[in-house]
Amino acid sequence: MKKLLIHIILILTAFIIYFLQSNFFNWFTIAGIMPNLFVIFTLFIGLFASKMMGTIYGMVIGLFLDVIFREKIGVSFIALGLVGFLATIFDKNFSKDSRMTIMLMTAGLTIVYEVIVYFANYFILGTNLEIFAFLKILLIEVIFNLLLTIIIYPLLQKFGYYMENEFKGNKILTRYF
Amino acid sequence: MYRNHKTGILGIVITIILLILIVVFSNGENNASFFENVASKLVMPVQNGLTYLKNKISGNDTFFTDINKLKEENEQLLAKNSELEQSLRELENIKTENETLKEYMNLTEKYGEYKTIPAYVINRDISNYSKTIVINVGTNDGVKEDMTVIGDQGLVGHIVSVTDTTAKVQTIIDTASSVSATMSSTDETIVCKGTLESTTELKAMYIPTDYNIIQGDSIETSGLGGIYPKGIHIGTVKQVEATKNVTDRYAVIETAVDFDKLSTVLVITN
């Protein structure tokens, strides 16, 4: 029952993030560049929820974004799925109590996601390769994501551990070793 | 990490303030003018009153000495007035002439020959790397794939997919978009592509070496390629970048449509 409630909350959060991203962050930008909240969201699910949930949520959100905005389906689907998968790997190997590790993960995964999406589009759609413009946008986006992670970290942690208790139950002891 | 709870909250507050400051200052003029507006609204009534008072007081002592001057000025102004009236009549003539000429050239019918459906932009892209928009008309309104979308100033893009009530539009500033265009003065064809760097500029590449590109020249769609009809305004040539190799040169084209403020568009249906 509680698990169902958590799933509903997560889906609602995804929609809220979508509306934030398409309205609020369209004008609340750093030099015209938006953050990418979906990467943070997928990372959060991958870190705290059960094993496959990060990957599945990443794929579903990616598919949703593809359907709404892209011409070809599959790029965000694969990229966000990979982000969720990497997050579950991070969950096994790193502590989640430190703000710094979460920040580094956010930066790393944002870079992974955007590089995959950009180069996939380059190969599929045949756009011009503009490395410097791309790097500039990527850098600002990573900084924006980091600032947002710092702000919402306490919320992430509180809700995250609540979720972890529900999904992982007795396996949670591994956290202390 | 933050054992002390207070330090943690302080950190978050500082980050929020920092983020807002970065956003405000990085976006330059727009926000600056917003703050200017607020500031001027606060100060203006007082300032107006003070200026009014000052003018009243300082105007008093000059009132009597200026009568002679005023008479002279009056005569001058009367003469000028009749002169202006004459030129106004002349301008009126030119205006009517201009209108008949325009009709002659069928300029008014240029966009009239297309059937259009008005639409609102209901969604903008959430990614930094592509510039797709979603509009609120779909197959129910008779919109199909590959139809051309224009704004009040010029070309916006074309429709890449439709649902019953919405349609996805790939704008011409998207990096995956390329439009075949002609220059108005020379009738030569170039290809305009979207860039990552700017939301107001296109890049015209692969320009043949014998082409003359003139700064400020107006650019229109050429009708080649089958998606866009001929003769829709795209923008003007902002600058021509010469490189060492003539074949590498490119031109920067400023779009007529302001994509940041785009809210209503027209879909051409025939």
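Residues numbered from 1 in each chain as written. Chains lettered and ligands numbered in written order. Predicted model: local features only at pLDDT ≥ 70, side-chain atom pairs only at ≥ 80, totals over all residues.

## Let's talk about the overall build of chain B
Thought 1: Regarding its fold elements, chain B presents three helices and 12 strands.
Thought 2: Expressed as a percentage of the 270 residues in chain B, the buried residues total 25%. (Helix = DSSP H or I, 4+ residues; strand = E, 2+ residues; numbered from the N terminus. Buried ≥ 20, exposed ≤ 12 C-beta atoms within 10 Å, placed from the backbone.)

## Comments concerning the overall build of chain A
Thought 1: Tallying secondary structure elements over chain A gives six helices and zero strands in all.
Thought 2: The secondary structure elements of chain A, listed N-terminal to C-terminal, are α-α-α-α-α-α.
Thought 3: Partitioning the contacts of chain A with sequence separation of at least 6, the portion at a separation of at least 24 is 69%. (Contact = placed C-beta atoms within 7 Å.)

## Quick notes on the pairing of strand β10 (residues 233-241) of chain B
Residue and element names in this part refer to chain B.
Thought 1: In this sheet, β10 lies alongside strand β9 (residues 218-221) in antiparallel orientation, the contact comprising three bridges. Bridge pairing in β10 places Glu220 opposite His233.
Thought 2: As paired strands, β10 and strand β11 (residues 250-255) are joined by six bridges and run antiparallel to one another. Across the sheet, Val237 pairs through a bridge with Ile253, a residue of β11. (Pairing = 2+ DSSP bridges.)

## Digging into the interface of chain A and chain B
Thought 1: Facing 29 residues of chain A, the contacting portion of chain B comprises 26 residues.
Thought 2: If you list the elements that add at least two residues to the side of chain A that touches chain B, you get α1 (2-27), α5 (99-125) and α6 (131-168) of chain A.

## As for unusual backbone geometry
Residue and element names in this part refer to chain A.
Thought 1: Positive phi, close to 50 degrees, is recorded for Ala31, a residue that is not glycine.
Thought 2: Relative to the helices and strands, Ala31 is located in the loop between α1 and α2 (37-48).
Thought 3: On the basis of neighbour counts, which here come to 14 C-beta atoms within 10 Å, the residue Ala31 falls in the partly exposed class.

## Brief notes about the nonpolar core
Thought 1: If you look at the biggest cluster of nonpolar residues, it comprises 40 residues, and the most contacted ones within it are Leu43, Phe44, Leu80, Val83 and Leu109 of chain A.
Thought 2: With 10 residues, the single largest contributor to this core is α2 of chain A.
Thought 3: Apart from residues no more than four positions distant in its own chain, Leu109 of chain A is found in contact with Val39, Leu43, Val83, Leu86 and Ala87 of chain A.
Thought 4: Counting residues in hydrophobic clusters, the runner-up holds 38 residues, among them Ala167, Ile172, Ile213 and Ala256 of chain B. (Core = buried A, V, L, I, M, F, W, Y, C linked by C-beta atoms within 7 Å.)

## Considerations on the environment of Ser180 of chain B
Residue and element names in this part refer to chain B.
Thought 1: Secondary-structure assignment places Ser180 in strand β6 (residues 178-183).
Thought 2: A residue is classified by how many C-beta atoms lie within 10 Å of it, and Ser180, with 17 of them, is partly exposed.
Thought 3: Spatially, the C-alpha atom of Ser180 lies 9.8 Å from that of Lys230, the residues being 50 residues apart in sequence.
Thought 4: When residues no more than four places from it in sequence are discounted, the contact partners of Ser180 are Thr189, Val191, Ser222, Leu224 and Gly225.

## Thoughts on the sheet that holds β6 of chain B
Thought 1: Taken in spatial order, the six strands of this closed barrel run β6-β7-β8-β11-β10-β9 (chain B), and their pairing is antiparallel. Across the sheet, the mean angle from the axis of one strand to that of its neighbour is 45 degrees, orientation sign disregarded. (Axes fitted to C-alpha atoms, helices over the stretch in contact; angles between N-to-C directions.)

## Focus: the confidence of the model for chain B
Thought 1: Mean pLDDT over chain B: 80, with 85% of residues reaching 70 or higher.
Thought 2: At the level of chain-chain contacts, confidence expressed as ipTM amounts to 0.71, with global pTM at 0.70. (pLDDT = per-residue confidence, 0-100.)

## Some points on the sheet that holds strand β4 (residues 155-162) of chain B
Residue and element names in this part refer to chain B.
Thought 1: With antiparallel pairing, six strands are arranged side by side around a closed barrel as β1-β2-β5-β4-β3-β12. Between one strand axis and the next, the sheet turns by 45 degrees as a mean value, whatever way the strands run.
Thought 2: Bridge count between strand β3 (residues 148-150) and strand β12 (residues 264-268): three bridges; the pairing is antiparallel. By the bridge assignment for β12, Ile150 is matched with Leu266.

## Quick word on the confidence of the model for chain A
Thought 1: When the pLDDT values of chain A are averaged, the result is 85; 95% of them are 70 or greater.
Thought 2: Looking at the elements of chain A, mean pLDDT is at its lowest for α1 of chain A, recorded as 86, and at its highest for α2 of chain A, recorded as 90.

## So, helix α4 (residues 75-93) of chain A
Thought 1: Over its 19 residues, α4 of chain A runs 27 Å from end to end, which matches the ideal 27 Å to within 8%, given 1.5 Å per residue.
Thought 2: Within α4 of chain A, the full set of buried residues consists of Val75, Ser76, Phe77, Ala79, Leu80, Gly81, Val83, Gly84, Leu86, Ala87, Phe90 and Asp91 of chain A. (Expected span 1.5 Å × (residues − 1).)

## Description of the environment of Val265 of chain B
Residues and elements named next belong to chain B.
Thought 1: Relative to the helices and strands, Val265 is located in strand β12.
Thought 2: The class of Val265 is buried, set by 24 C-beta atoms lying within 10 Å.
Thought 3: Setting aside anything within four residues of it in sequence, one finds Val265 in contact with Ala119, Val121, Ile135, Val149, Ile150, Gly151 and Val156.

## Remarks on the packing of α5 of chain A against α6 of chain A
Residue and element names in this part refer to chain A.
Thought 1: Two elements in contact, α5 and α6, have axes separated by 9 Å at closest approach and are oriented at 145 degrees. Handedness of the crossing formed by α5 with α6: right-handed. Here Arg99, Ile102, Met103, Thr106, Ala107, Thr110, Ile111, Glu114 and Tyr118 of α5 lie close against α6, whose contacting residues are Phe134, Leu138, Glu141, Val142, Asn145, Leu146, Thr149, Ile150 and Tyr153.
Thought 2: Tallied by class, residues from the contact of α5 with α6 come to 11 nonpolar, four polar and three charged. (Left-handed = near helix turned anticlockwise from the far one by under 90°. Nonpolar A, V, L, I, M, F, W, Y, C, P; charged D, E, K, R; others polar.)

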